[in-house]
Amino acid sequence: YLRIADDGITQLLGPTELRHIYGSEMCGGKPFIETWMADPEIFTCERMEFKPRQEATPGNYNLWTDYAIDPVEGDWSPVKELLWNLSGNKQDIYDYFLHYFAHLFQKPYEKPEVMIILSSPDEGVGKDTLGDYVIGPILGDKYYFSSTSHEDEVFGRFQSHLRTTLFLKLEE
């Protein structure tokens, strides 16, 4: 059974877990969960999958919803200036950044198969700003993940939070 919490977290639960969580809820004098599980019209799926901007495979549940912010027309010169600064004022790198991030939002179903590494001996050049204040808010928490504890959060045994990550920011 699939449970989508109010915060958007998706969990796959078995019947025992469902009864534990919802066992005290009543509906018409009967336990709600028993009535719900016996409903022949209940939505069922075989597995969960993550297919951004695509239809789910028949019988599967797609974890993709949409970006946290809808696009609107407006002045994005501060973002262009940030990308220019992060490129080291080099046109070829700036153009690469523009294409990379355009691809991220326009075709999230295609993995870029490259990692951008931003490094500078100087603080305050905008390395964190790009992820935390530009990319992260647009993608939302379901598709953006920032980690300072790589061993546990990224390379550890429990990585289900990365299942829907489109942009991963690793801190030193």
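The notes below deal with the structure included here.

Reading the values: rules and limits
Residues numbered from 1 in each chain as written. Predicted model: local features only at pLDDT ≥ 70, side-chain atom pairs only at ≥ 80, totals over all residues. Heavy atoms only, no water. Helix = DSSP H or I, 4+ residues; strand = E, 2+ residues; numbered from the N terminus. Rg over C-alpha atoms; globule rule 2.2 N^0.38 Å. Buried < 20%, exposed > 50% of the residue type's maximum accessible area, 1.4 Å probe, protein only. Arc of directions from axis to C-beta. Contact = heavy atoms within 4.5 Å. Salt bridge = Lys/Arg side-chain N within 4 Å of Asp/Glu carboxyl O. Patch = residues over 30% accessible without salt bridge, like charges linked within 9 Å, V, L, I, M, F, W, Y side chains within 5 Å. Areas by Shrake-Rupley, 256 points an atom, 1.4 Å probe, with all protein chains shown as cover.

To continue, consider the overall build of the protein chain. Helix and strand counts for the protein chain come out as six helices and eight strands. Counted from the first residue to the last, the protein chain has its helices and strands arranged as β-β-α-β-β-α-β-β-α-α-α-β-α-β. Whereas a compact globule of 172 residues would reach a radius of gyration of roughly 16 Å, the protein chain reaches 21 Å, over 25% beyond that. Seen through its C-alpha atoms, the protein chain measures out along the principal axes to roughly 70 × 35 × 25 Å.

Before going further, it helps to spend a moment on helix H3 (residues 77–86). Within H3 the residues assigned to the buried category are Leu82, Leu83 and Leu86. Looking straight down H3, one finds its buried side chains confined to an arc of 95 degrees; they lie on one side. The inward-facing, buried residues of H3 abut helix H4 (91–106) and helix H5 (127–139).

Let us look at the pattern of salt bridges. This structure, assessed with the given rule, holds three salt bridges. A salt bridge links Arg19 to Glu34; the nearest nitrogen and oxygen atoms lie 2.6 Å apart. Within this pair, whereas Arg19 is found in helix H1 (residues 15–22), its partner Glu34 is found in helix H2 (residues 32–38), the two being separated by 15 residues in sequence. The class for Glu34 is partly exposed, based on a relative accessible area of 35%. Salt-bridge contacts for Asp132 lead to Lys169; the nearest nitrogen and oxygen are separated by 2.8 Å. Note that Asp132 is positioned in helix H5 and Lys169 in strand S8 (residues 167–170), a separation of 37 residues in sequence. Judged by relative accessible area, Asp132 falls into the partly exposed class, the value being 31%. One salt-bridge network, held together by shared partners, links Asp128, Asp132 and Lys169.

Inspection of the secondary structure assignment puts Pro52 in the loop between strand S5 (47–49) and strand S6 (60–62). Classification of Pro52 as buried rests on a relative accessible area of 4%. Distance in space between the C-alpha atoms of Pro52 and Leu82 is 27 Å, their sequence separation being 30 residues. The contacts of Pro52, once residues within four sequence positions are left out, are Trp64, Pro108, Tyr109 and Leu166.

A surface patch of nonpolar side chains, about 410 Å² in accessible area, is lined by Met115, Ile117, Leu168 and Leu170. Mapped onto the elements of the fold, Ile117 is located in the loop between H4 and H5.

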